[in-house]
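# Geometric and topological summary
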Amino acid sequence: MSQQILNEQEVFRRESLTKLREMGIEPYPAALFPVNISSKEIKETYAEGLEKRDLLINELLEGKRVNVVLAGRLMSRRIMGKASFAELQDSSGRIQIYLNRDEICPGEDKELYNTVFKKLLDIGDFIGIKGYVFVTQVGEISVHVEEITVLAKSLRPLPIVKKDEQGNVYDAFVDPELRYRMRYVDLVVNQQVRETFLKRTKLMNSMRQFFNDHGYLEVETPVLQSIPGGAAARPFTTHHNALDIPLFLRIANELYLKRLIVGGFDGVYEFSKNFRNEGMDRTHNPEFTVMEIYVAYKDYNWMMEFTEQLLEKIAVDLYSTTEVPFGETVLNYKAPFPRVSMYEAIERFTGVDISNMDEAQLRVTCRQQGVEVDETMGRGKLIDELFGAKCEGNFIQPTFITDFPVEMSPLCKRHRTNPQLAERFELMVNGKEVANAYSELNDPIDQRERFMEQMRLADRGDDEAMTIDHDFLRALEYGMPPTSGLGIGVDRLTMFMTNQSTIQEVLFFPQMRPEKVH
RNA sequence: GAUUUCGUAGCUCAGCUGGUAGAGCAGUACACUUUUAAUGUACGGGCCCUGGGUUCGAAUCCCAGCGAAAUCACCA
C-alpha cells in the first residue's frame, strides 16, 4: 500500500470531512434525497409570467410560493457575511441558490451556516436543498434555501472555469490529456462536452426509432468469435480457458447478422462495438461503434434511399433542420443525396476515363496522376488508391459513391450489368466514409470463390485478407434471400453531427496509454 | 512508425541570453444580509514529467526515457 500524497487543498478537505463527522453530520449519508425538480425545470417553469418585483419581496408571494427540493454539486460560492449566493449544478444545468444565516439557522445555533456551509463545504460537494423559487433584484431565477443537506463530500478540488457576462470563458479546463483521462472531471466542468455526448445518445436513439418504426429487430451477436470475419483488419486475440481455444474480439458483426437473415428475420440491426488492432489517430480508436443493418428482399438502390432518409431524420431530430455546421462549412443532409459512380468520380477529378482500362493501363494512369502504386496491387486496389488520392476528399456534402471494383468487395454482389463492379455504395461526408452498403452476396458458390481469392491474397502476403468462414458458407447454402446491408460508423457520424474533429471528443473514454504511477 | 511542438501550484498560464520560481482563479484567515468572473485585506501552497550530462550554478542548454497533441505514413 503506497501512501497517497495529498496537496494542501486535499488535506483541508479531509479535515473538513472529519469535522463534519465530529459535528454529527454524515458526509456520505445512505438515505435517498427526495429530489422533486431539476434546475432546468425550475428555470423553464418559472421563467415566464413572473414579474421580478412581485417576487422580490417574499412576503408578497405567500400565495404563489413554489417549494422545491433539488440536489447537485456546489459549483461556486459568493459569501457576503450573513447571506450567500452559490451555484448548484445538477444533471440539467446550474441554478443560483441563496442562503441566509438566520433562515437556515432560526435558533441560537448558527453552526450550520457559519461552520458547515461557510467552512466545511467546498466547491464540488454534493448537497441537497429545500426551499422556494424567487427572482433576484437583477432578475435571476434562484432558489431561496431553507434547508441544506450534505449528500457527498468531494475530496479533490475541481478545476474552476469562470464565465463573464459576455460569455467569455476564463481558465477553461482544456488540457486534452487531463480531460480524456479524467472524463468525469471534464463532464462536470465543461458543459459543451456534456452536450456532445447527449447528442451522441440522441443520434443513436434516432437511428433506433427509425429502424424500429420500419419493424426491424435489434439483435445482439457474439463479440468473441473464433473466426474474426466480415472485414479486413487485424483482430485482438484472447484465449478461452475452459475450451482451450483462441478467440478473437470481433472486427465486424456482418456475417452473424446475415446468418439471422438466413434464419428468417426480415430486418435485423445491431450497434456493434468492434475491435481492430491497428493504429490510433484522430479518426481511429481500437474499439469503435458501427451500426449494421440487413434487410431482406432489398438492394443497394433501396438502401441508398433508406440511408438518406435516416441521415435527414437524424439531423432534424438533433437540430430541427437538415443543415448542420461542421468546421468552416455547413453540411446539408436534405435528401436525396447525389449519386456518383466510382468511375465517374475518377473521371471528374482526373479527367481520365478508366472504365475500360486493364491493370497495366491503370498502373500507368496512377503514376501519371502521382499516385504511388506497386506491382502487388491488382486492378481493384489500383482503382481504390486512385479514388482515395484524387477524389475522396472532394466530397464534402453528403454524396453516395457507387459501384466499386468487385475485387475490393468480397461480400458484395456483382453488379447486375457489369461483373467487374460490385453493387456497393459508400456515403461520403466531409471527404470521409461514413457508411458502406451492399446488395449482399447471397450466391454461396460465388461467395466460396471470393473467399478462395482472399486466401490466395493472404498467401501472397496480404495480412488483411479475410479468413474463410465455413459455417457462414453453410448458412448461405441453405439460402439467403436477396438482402441489402448497411454499416454506419457511429463515432464518425457523431463527429460530423456534433462538429468535432477528433474521435476522442465523441468517445467517453478514448484509448490512452496507461498513466504512469509514481 | 516518422517529424514537430508541449509537460512549471488543484486549474489556466508567465518565467528572455543559465543565477534553484511568478500571476489569475481555486485554498486558508478576517470583514461583508441580493451577489453573479462578487468585493476588500492578509497568508499559505512547487520532486519546475523522470533519469543522465555540461556548468561554480539548470525550470532554462544537451542526451535518453515517459506521457500528450499536431502533421505525415499506415489502416474498409
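Residues numbered from 1 in each chain as written. Chains lettered and ligands numbered in written order. Predicted model: local features only at pLDDT ≥ 70, side-chain atom pairs only at ≥ 80, totals over all residues. Heavy atoms only, no water.

### Details of the overall build of chain A
Helix and strand counts for chain A stand at 16 helices and 20 strands. Radius of gyration (C-alpha) of chain A: 30 Å, far over the 24 Å computed for a compact globule of 518 residues. Referenced to the eigenvectors of the C-alpha coordinate spread, the extents of chain A come out at roughly 95 × 55 × 50 Å. Classification of the 518 residues of chain A by burial places 49% in the buried group. Sequence-distant contacts, at least 24 apart, represent 65% of the contacts inside chain A between residues at least 6 apart. Element-wise, carbon and sulfur atoms account for 50% of the exposed surface of chain A, whose accessible area totals about 26,600 Å². Across chain A, the mean location of the 62 positive side-chain charges is 4 Å away from that of the 80 negative side-chain charges. (Helix = DSSP H or I, 4+ residues; strand = E, 2+ residues; numbered from the N terminus. Rg over C-alpha atoms; globule rule 2.2 N^0.38 Å. Buried < 20%, exposed > 50% of the residue type's maximum accessible area, 1.4 Å probe, protein only. Contact = heavy atoms within 4.5 Å. Areas by Shrake-Rupley, 256 points an atom, 1.4 Å probe, with all protein chains shown as cover. Lys, Arg positive; Asp, Glu negative; His and termini not counted. Charge placed at Lys NZ, Arg CZ, Asp CG, Glu CD.)

### Focus on the packing of helix α8 (residues 191-213) against helix α10 (residues 300-319)
Viewed as axis vectors pointing N to C, α8 and α10 meet at an angle of 135 degrees, and their least axial separation amounts to 9 Å. With respect to each other, α8 and α10 are oriented oblique. The two elements α8 and α10 cross, and the hand of that crossing is right-handed. Residues K199, K202, L203, S206, M207, Q209, F210 and F211 of α8 pack against F306, Q309, L310, K313, I314, D317, L318 and Y319 of α10. Of the residues contributing to the contact of α8 with α10, the split by class is nine nonpolar, three polar and four charged. (Axes fitted to C-alpha atoms, helices over the stretch in contact; angles between N-to-C directions. Parallel < 35°, antiparallel > 145°, perpendicular 65-115°, else oblique. Left-handed = near helix turned anticlockwise from the far one by under 90°. Nonpolar A, V, L, I, M, F, W, Y, C, P; charged D, E, K, R; others polar.)

### Quick word on the packing of helix α9 (residues 254-262) against helix α15 (residues 470-478)
Interhelical geometry of α9 versus α15 gives an angle of 25 degrees and a closest axis separation of 9 Å. Between α9 and α15, the crossing angle belongs to the class labelled roughly parallel. Note on packing geometry: the crossing formed by α9 with α15 is left-handed. Along its contact with α9, which presents L255, K258, R259 and V262, the element α15 presents D471, F472, A475 and Y478. Grouping the constituent residues of the contact of α9 with α15 by class yields five nonpolar, no polar and three charged.

### A short note on α8
With 23 residues, α8 should cover 33 Å at 1.5 Å per step; its first-to-last C-alpha distance of 32 Å lies within 8% of that length. All of the buried residues in α8 are V193, T196, F197, K199, R200, L203, M204, S206, M207, F210 and F211. Taken from the residues just after α8, G215 is the one with a positive phi, measuring 85 degrees. (Expected span 1.5 Å × (residues − 1).)

### Remarks on the environment of S439
Secondary-structure assignment places S439 in strand β19 (residues 432-439). The exposure class of S439 is buried, given its relative accessible area of 3%. Contact partners of S439, with chain neighbours within four places excluded, come to D299, Y300, C412, K413, E423, T483 and S484.

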